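Below are the chains, spelled out letter by letter.
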Amino acid sequence: MRKIDAKDIANKLSEYEVIKIMEELGSDVSEKSNDKYLIFQTICHPHEDGEASYKLYYYLDSKVFRCYTNCGNISIFDVVMNVKDISFKESIDFIYNIIGRKHIPKRGVGSKIEYKQKSILEVEYEPVQPIKKPYLYNIYSKQPIKQWLDERISQDAMNKFNIRYDHERDRAIIPHFREDGKCVGIRVRNFNPIEEKKGKYIPLWHDCIGYNHPLGRCLYGLNVSKENIKKYKKVIIFESEKSVLKYESMYPNNNLSVAICGSSFSNVQKKILLDLFGTDIEIILCLDKQYKVDGDEESIQWKEKILKNLENIKDIVRCSYVWCTDDSLDYKDSPIDKSKEVFESLIKSRITIE
Ligand SMILES: [Zn+2]
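Rules and cut-offs
- Sequence order as written defines residue numbering, which begins from 1 separately in each chain.
- Given that the model is predicted, a residue must reach a pLDDT of at least 70 before its local features are reported, and side-chain atom pairs must reach 80 or more before they are shown or counted; all residues, however, enter totals for whole chains, interfaces and linings.
- Excluded from the side-chain calculations are hydrogens and water; all other atoms, namely the structure's heavy atoms, are used.
- Throughout, exposure labels follow a simple rule: accessible area from a 1.4 Å probe, protein chains only, divided by the maximum for the residue type, with under 20% read as buried, over 50% as exposed, and the rest as partly exposed.
- Secondary structure elements follow DSSP: runs of H or I no shorter than four residues count as helices, runs of E no shorter than two count as strands, and numbering proceeds from the N terminus.
- Domain delimitation follows an automatic or database domain assignment.
- Here a residue-residue contact requires only that any non-hydrogen atoms of the pair lie within 4.5 Å.
- The quantity reported as buried area is the accessible area (1.4 Å probe) lost by two parts once they are put together, taken as the sum for both.
- Here a polar contact is recorded for every N or O atom pair within 3.5 Å, except that within protein the pair must consist of a potential hydrogen donor and a potential acceptor, and residues adjacent in sequence are included only if both atoms are side-chain atoms.
- Residue polarity follows a fixed list, in which Ala, Val, Leu, Ile, Met, Phe, Trp, Tyr, Cys and Pro are nonpolar, Asp, Glu, Lys and Arg are charged, and the others, Gly among them, are polar.
- In this listing, donors mean N, O and S atoms no farther than 2.8 Å from the metal, or 3.2 Å for Na, K and Ca; water is missing from the atoms, so a site can look incomplete.
- Under this scheme a four-donor centre is tetrahedral when all angles range from 85 to 135 degrees, a four-donor centre is square planar and a six-donor centre octahedral when opposite donors are above 155 degrees with the rest from 65 to 115, and any other centre is irregular.
- His is not counted, nor are the chain ends; Lys and Arg add positive charge and Asp and Glu add negative charge.
- We count a salt bridge whenever a side-chain nitrogen from Lys or Arg sits within 4 Å of a carboxyl oxygen from Asp or Glu.
- Here, strands pair whenever DSSP counts at least two bridges between them.
- Note on geometry: axes are C-alpha line fits, over the in-contact stretch for helices, and angles between N-to-C directions span 0 to 180 degrees.

A few words on helix α2 (residues 15–25). The buried fraction of α2 is high, at 10 of 11 residues. Those residues of α2 that fall on the buried side of the exposure criterion are Tyr16, Glu17, Val18, Ile19, Lys20, Ile21, Met22, Glu23, Glu24 and Leu25. Glycine 26 lies just past α2 and shows a positive phi near 115°.

Here it is, written out as structure tokens:
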């Protein structure tokens, strides 16, 4: 008989793993998260009014979720069970599957759970299914988005990525496509300060249907960049869609970049790259500068996170990462947020993982 101590599993989950699980379930992590709690969308309960606001908090100390809209205190298993509509036992398998650990129960009294790292090559995934209304983004206007033009995102780049503008609610509409060009989800970037409180980037809700998709199982921009990635045998990994658009604006029709939509490079995302490009490519991780000064406490933790992101793929594929040692980037900037010169210098001085 195997005995599973649910509390033990929940307590062993790292912050990174919780984010990964939640992304898989369809919620990104809010930028307003801090070192006490992470904020997610309330995917824990159904939304008849079409709102999935960022009111599901995960407390890092107690490892418990609290849904401030409806559910109260819940465990990670409750969240998985509610979203997937599965049993408790299935929710454990789901979690292990995502975090890449196999649990091997030992026999006897006082048995503990052992963890085994799953090889990235063993990862299996189902392609994300296209949305029911793949044309939906087309109902929004092609009118220029001033906020993004001001950030040097070109109109051509926005056209290429089918970015639209919702002038009624002042927000950018960002369709996400699978590598084969099928639309799998639609996100919005709120510019309106009131809407922005619900989250800068949230899924599009239209006619009470949410067009969210598991961000961790897709790579934004791959449909556009894949031929160039094949040609140059390099892929640049950004956190946000916007960085991919900026890359397109700097290097029109020469895009080599994709976005992981967050700061966690998931096993499925890695496997998508391996399946498409084989092992003869270089993965260049270009995460945001989540530290003020190179060498400070935050930078040390951030470097650890970057290395952890590449830990299970660095022996299979050439991996490198961009690291800003000076003030050419500001706090929380993407490597491509400043000039072309800054970006190219960061790429040039990237650190290869041996
Ligand atoms: Zn809830």
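Domain parsing of the chain yields domain 1 (6–118), domain 2 (134–213) and domain 3 (222–352). Computed over C-alpha atoms only, the centres of domain 1 and domain 3 are separated by 27 Å. With eight residues of domain 1 at the contact, the number on the domain 3 side is nine residues. Buried area between domain 1 and domain 3, summed over both chains or domains, comes out near 720 Å², and the portion from carbon and sulfur atoms is 43%. Put simply, domain 1 and domain 3 have one residue pair in polar contact (both at pLDDT 80 or more) between them. The dominant element in the side of domain 1 that touches domain 3, judged by the number of residues it contributes, is α2, at four residues. Residue composition of the side of domain 1 that touches domain 3, by class: three nonpolar, three polar and two charged.

Surrounding the zinc ion are the protein donor atoms Cys44 (SG), His45 (ND1), Cys67 (SG) and Cys71 (SG), which sit 2.0 to 2.4 Å from the metal. Metal-centred angles of 102 to 114° between the four donor atoms at the zinc ion mark the site as tetrahedral. Overall, cysteine 71 belongs to the partly exposed group, its relative accessible area being 25%.

Within the fold, lysine 270 resides in helix α10 (residues 267–277). For the buried residue lysine 270, which engages in no salt bridge, the nearest side chain bearing the opposite charge is glutamate 311, 9.1 Å off. Leave out the neighbours within four places in its chain, and lysine 270 touches Ile120, Phe265, Asn309, Asn312 and Ile313.

The four strands lie next to each other as β7-β8-β9-β10, forming an open sheet whose pairing is antiparallel. Only two strands of the sheet have a single neighbouring strand rather than two, namely β7 (164–166) and β10 (201–203). The sheet shows a mean angle of 35° between the axes of neighbouring strands, taken without regard to direction. As paired elements, strand β8 (residues 171–177) and strand β9 (residues 183–190) share seven bridges and run antiparallel to each other. Each bridged residue has a counterpart across the sheet, and for phenylalanine 177 the counterpart in β9 is cysteine 183.

Another point: helix α8 (residues 222–232). For α8, every residue scored as buried is listed here: Leu222, Ser225, Lys226, Asn228 and Ile229. On its buried face, α8 is in contact with β13 (234–238), β14 (257–259) and α10. Among the residues trailing α8, lysine 233 stands out with phi positive, at a value near 55°.

Okay, the environment of lysine 289 next. Considering the arrangement of structural elements, one finds lysine 289 in the loop between β15 (282–286) and α11 (297–310). Along the primary structure lysine 289 and serine 328 are separated by 39 residues, whereas in three dimensions their C-alpha atoms are 10 Å apart. Not counting the four nearest positions on each side in its chain, lysine 289 is found in contact with Cys324, Asp326, Asp327, Leu329, Asp330, Tyr331, Lys332 and Asp333. Within the structure, lysine 289 has its side chain in polar contact with the backbone oxygen of lysine 292 (distance 3.4 Å).

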